[in-house]
Amino acid sequence: MRNSPITALRLLEGPQTLGKGPGFWGGFAVILALACLYPLFADGYDVGNNVYFFNWTFMALGLSLIWGYGGALSFGQTAFFGVAGYAYGVLTINLGDAYGLTFMSLIAAVGLSALFAGILGYFLFFGRISGVFLGIVTLSVTLVLERFMSQTAGPEWAIGSARLNGFNGMGSMPSLTIPWPGGDIVLFPDVALYYVTLALLVVVYLALRILVNSRFGNVLVAIRENPQRAEMLGYDIRRYQLGAFVIGSGLAGLSGVLYTAWGNYITPSSMGMSAAALPVVWVAVGGRSDLTTTLLGTLLVLGGFQYLTIYGSQYALVVMGFLLVVTILVAPSGIFITAGALFSKGLRRRLKRESA
């Protein structure tokens, strides 16, 4: 037991993640320090706006675990995003924001999305549904949920004091609130929420690195590479696939809660066709088989997407689709992973010529 923290630290570096040694972690520390210093040199609006980018990264990291490491392409991330977001809204509108109840609602909402993923995933994986059919089923579930929530506009569609409001979306739910002796701290889209979300992102990123470099992650990658061989070696591949699906979907639910608390609003369009496809683009562009490239690619694509949405909204989705096609044709492993491989190959050739 005394060696467990040391073991966990060793698992931060492993065969299933890129980046190790003082150079990598030094760069990680510098980037984290710059992120922590950023609010000191920016106004509150810009800081709060950047929380928006952080909110989506949890969904992307979850899809990287499901698809990049597990080999199961899922279009259901936005379904679990929506389930958790609406659950948070219903719970907080009815319970209020005193005594830390918003954080209890966050945990309950994420747990509900993970439970939903567990039920759906059980039928998918233990029913031996895989490949393109798994993508079709998860996309169908997402679109059914989006269509159902769009038709809940009547006054009869209420849970306690919370009106679902159909396609107009649910609003007026409280922000995350930290109980404090001198008065509760409300995490509006500002500096405080920025630091809380950034800290949560760092914890999730490091925890996932430990997970994918553990025995669970190694088996998961073996299943991705050759499920028949992994099963012949005695592993119940369905349990590992289900575990990755639940964890990844729970992270999508965390994105849903953070987004809903950030904007005090959620709408069924967050589960629509376009929304369901975007996480696939984020993860594919950076490199789905590594957490670091997934994180960097997601932030990069999100920044570009927001810019296009502001200055050329009619082209935003077209560019995203074009970017996905180019990535699949030119750099199927992801832009960052492919660029890193080409750089390493060129460096080895140069060193070989110099040594000759």
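Values in this document were obtained by computation on a predicted structure and should not be read as measured data. (Residues numbered from 1 in each chain as written. Predicted model: local features only at pLDDT ≥ 70, side-chain atom pairs only at ≥ 80, totals over all residues. Heavy atoms only, no water.)

K.L.:
Could you give an account of the overall build of the protein chain, with specific residues and numbers?
P.N.:
Within the protein chain, the secondary structure is distributed over 14 helices and six strands. The C-alpha radius of gyration of the protein chain comes to 21 Å, within 12% of the 21 Å expected for a compact globule of 356 residues. Considering only C-alpha atoms, the protein chain reaches an extent of 75 × 55 × 50 Å along its principal axes. Carbon and sulfur atoms provide 69% of the accessible area of the protein chain, an area that totals close to 17,700 Å². In the protein chain, which carries 19 positive and 13 negative side-chain charges, the distance between the mean positions of the two groups comes to 19 Å. (Helix = DSSP H or I, 4+ residues; strand = E, 2+ residues; numbered from the N terminus. Rg over C-alpha atoms; globule rule 2.2 N^0.38 Å. Areas by Shrake-Rupley, 256 points an atom, 1.4 Å probe, with all protein chains shown as cover. Lys, Arg positive; Asp, Glu negative; His and termini not counted. Charge placed at Lys NZ, Arg CZ, Asp CG, Glu CD.)

K.L.:
I'd love a proper account of unusual backbone geometry, names of residues and values included.
P.N.:
Most peptide bonds take the trans configuration, and most residues that are not glycine carry a negative phi. At Tyr-99, a residue that is not glycine, the phi angle is positive and equals roughly 60 degrees. Relative to the helices and strands, Tyr-99 resides in the loop between α4 (77-95) and α5 (101-125). Judged by its relative accessible area of 73%, Tyr-99 falls in the exposed class. The backbone of Arg-128 sits at a positive phi, close to 60 degrees, despite the residue not being glycine. (Buried < 20%, exposed > 50% of the residue type's maximum accessible area, 1.4 Å probe, protein only.)

K.L.:
Describe the environment of Val-110, listing the residues and the values that go with them.
P.N.:
Positionally, Val-110 belongs in helix α5. A C-alpha to C-alpha distance of 16 Å links Val-110 and Trp-262, two positions 152 residues apart in sequence. Look past the residues within four positions of Val-110 in its chain and what remains in contact with it is Gly-250, Gly-253, Leu-254 and Val-257. (Contact = heavy atoms within 4.5 Å.)

K.L.:
Can you lay out helix α3 (residues 44-69) for me, pointing to particular residues and giving the numbers?
P.N.:
In a regular helix each residue adds 1.5 Å, so 26 residues correspond to 38 Å; α3 covers 37 Å between its end C-alpha atoms and thus fits that length. Where α3 bends most, the angle comes to about 25 degrees, and this point is Leu-63. By the criterion of burial, α3 is predominantly enclosed, with 20 of the 26 residues buried. Where α3 begins, the capping side chain belongs to Asp-43, and its oxygen is found 3.1 Å from the backbone nitrogen of Tyr-45. A positive backbone phi angle near 75 degrees is found at Gly-71, which sits one or two residues after α3. (Expected span 1.5 Å × (residues − 1). Bend = angle between axes of the 7 residues up to and from the residue. Polar contact = N/O pair within 3.5 Å; in protein donor to acceptor, adjacent residues only side chain to side chain.)

K.L.:
Quick rundown of the environment of Ala-162? Include the residues and the values.
P.N.:
Turning to its location among the elements, Ala-162 is positioned in strand β2 (residues 162-163). As a C-alpha pair, Ala-162 and Leu-124 span 38 residues in sequence and 32 Å in three-dimensional space.

K.L.:
Outline the pattern of salt bridges, supporting the account with residue identities and numerical values.
P.N.:
Under the definition given, this model contains four salt bridges. The shortest N-O distance in the salt bridge between Glu-225 and Arg-224 comes to 2.8 Å. Ionic pairing is found between Arg-238 and Asp-236, a salt bridge with its closest N-O pair at 3.3 Å. A relative accessible area of 22% places Arg-238 in the partly exposed class. (Salt bridge = Lys/Arg side-chain N within 4 Å of Asp/Glu carboxyl O.)

K.L.:
Requested: an account of the packing of α3 against helix α10 (residues 237-263), with residues and values cited.
P.N.:
Packing of α3 against α10 leaves a shortest axis separation of 7 Å and a crossing angle of 170 degrees. It follows from the interaxial angle that α3 and α10 lie roughly antiparallel. You can see that α3 and α10 cross each other, and the crossing is left-handed. Counted together, Gly-48, Val-51, Tyr-52, Asn-55, Trp-56, Phe-58, Met-59, Leu-61, Gly-62, Leu-65 and Ile-66 of α3 and Ala-244, Phe-245, Ile-247, Gly-248, Ser-249, Leu-251, Ala-252, Leu-254, Ser-255, Leu-258, Tyr-259 and Trp-262 of α10 form the full contact between these two elements. By residue class, the composition of the contact of α3 with α10 is 17 nonpolar, six polar and no charged. (Axes fitted to C-alpha atoms, helices over the stretch in contact; angles between N-to-C directions. Parallel < 35°, antiparallel > 145°, perpendicular 65-115°, else oblique. Left-handed = near helix turned anticlockwise from the far one by under 90°. Nonpolar A, V, L, I, M, F, W, Y, C, P; charged D, E, K, R; others polar.)

K.L.:
So what's going on with the nonpolar core? Residues and values would help.
P.N.:
Counting 85 residues, the largest nonpolar core has Met-170, Phe-245 and Trp-282 as the members making the most contacts within it. Considering each element in turn, this core owes the most residues, 14 residues, to α3. In this structure, Met-170 is in contact with Tyr-86, Gly-89, Val-90, Ile-93, Ala-162, Arg-163, Leu-164, Asn-165, Asn-264, Tyr-265 and Ile-266, ignoring residues within four places of it in sequence. (Core = buried A, V, L, I, M, F, W, Y, C linked by side-chain atoms within 4.5 Å.)

K.L.:
Which residues make up the packing of α3 against helix α12 (residues 291-311), and what are the values?
P.N.:
Contact geometry of α3 with α12 gives a least axis separation of 9 Å together with a crossing angle of 135 degrees. The orientation of α3 relative to α12 falls into the category oblique. The two elements α3 and α12 meet at a crossing, and its hand is right-handed. Contacts between α3 and α12 involve Asn-49, Tyr-52, Phe-53, Phe-54, Trp-56, Thr-57, Ala-60, Leu-61, Ser-64 and Tyr-69 from the former and Leu-291, Thr-294, Leu-295, Thr-298, Leu-299, Leu-302, Gly-303 and Gln-306 from the latter.

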